[in-house]
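Secondary and tertiary structure notes
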Amino acid sequence: MKYSKDKNIDQLVRQLVRQDWCFIFGGKHGRLHSPDGRTVLFVPISPSDYRAFLNFRKDVRHAITDGKCPKIG
């Protein structure tokens, strides 16, 4: 299953899904739900911005460091 056309975003989402995050496909964006269900991140399926991966990675880090979700890796 491919989560995003951007290889870096796809790899990060795969890592999160292996850690019990739940991915749900939408229209232009997928939704990634944390294992505790309190955090939802939107995943760009076909990002056009070159900073899309950096912004998505920042959102993931903020969700994890806020203490709302388990740590990655």
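Above this text sits the structure in question.
Residues numbered from 1 in each chain as written. Predicted model: local features only at pLDDT ≥ 70, side-chain atom pairs only at ≥ 80, totals over all residues. Heavy atoms only, no water.

**Regarding unusual backbone geometry**
Positive phi is not limited to glycine here, since Asp-20 has a value of about 75°. Mapped onto the fold, Asp-20 is located in the loop between helix 1 (7-18) and strand 1 (22-24). Looking at Asp-20, the relative accessible area reads 62%, which means it is exposed. (Helix = DSSP H or I, 4+ residues; strand = E, 2+ residues; numbered from the N terminus. Buried < 20%, exposed > 50% of the residue type's maximum accessible area, 1.4 Å probe, protein only.)

**Regarding the sheet that holds strand 1**
Reading across from one edge, 1-2-3 is the order of the three strands in this open sheet, with antiparallel pairing throughout. With one partner strand each, in any of the chains shown, strand 1 and strand 3 (40-44) form the two edges of the open sheet. Along the sheet, successive strands turn relative to each other by an average axial angle of 25°, direction set aside. Examined bridge by bridge, strand 1 and strand 2 (residues 29-33) share three bridges and lie antiparallel to one another. In the strand pairing of strand 2, Phe-23 is matched with Leu-32. Set on the sheet, helix 2 (residues 52-65) makes contact with strand 2 and strand 3; between it and strand 3 the angle comes to about 165°. (Pairing = 2+ DSSP bridges. Axes fitted to C-alpha atoms, helices over the stretch in contact; angles between N-to-C directions. Contact = heavy atoms within 4.5 Å.)

**Thoughts on the pattern of salt bridges**
The tally for this structure, following the rule as stated, stands at three salt bridges. The closest approach of N and O atoms between Asp-36 and Arg-38, which form a salt bridge, is 3.4 Å. Among the residues examined, Asp-36 registers a relative accessible area of 35% and is labelled partly exposed. In this structure, Asp-49 and Arg-51 form a salt bridge, with 3.3 Å as the shortest nitrogen-oxygen distance. (Salt bridge = Lys/Arg side-chain N within 4 Å of Asp/Glu carboxyl O.)

**As for the packing of aromatic side chains**
Throughout the structure, instances matching the rule amount to two aromatic pairs. On the basis of an interplanar angle of 70° and a centroid distance of 4.8 Å, the ring pair of Tyr-3 and Phe-23 is categorised as edge-to-face. Of this pair, Tyr-3 sits in the segment before helix 1 while Phe-23 sits in strand 1; the two residues are 20 residues apart in sequence, bridging distant segments of the chain. A residue is classified by how much of its surface remains accessible, and Tyr-3, at 9% relative accessible area, is buried. Phe-23 gets classed as buried once you look at its relative accessible area, which sits at 14%. Among the aromatic side chains, those forming a connected cluster through ring pairs are Tyr-3, Phe-23 and Phe-25. (Phe/Tyr/Trp six-rings, centres within 6.5 Å; stacked < 30°, edge-to-face > 60°.)

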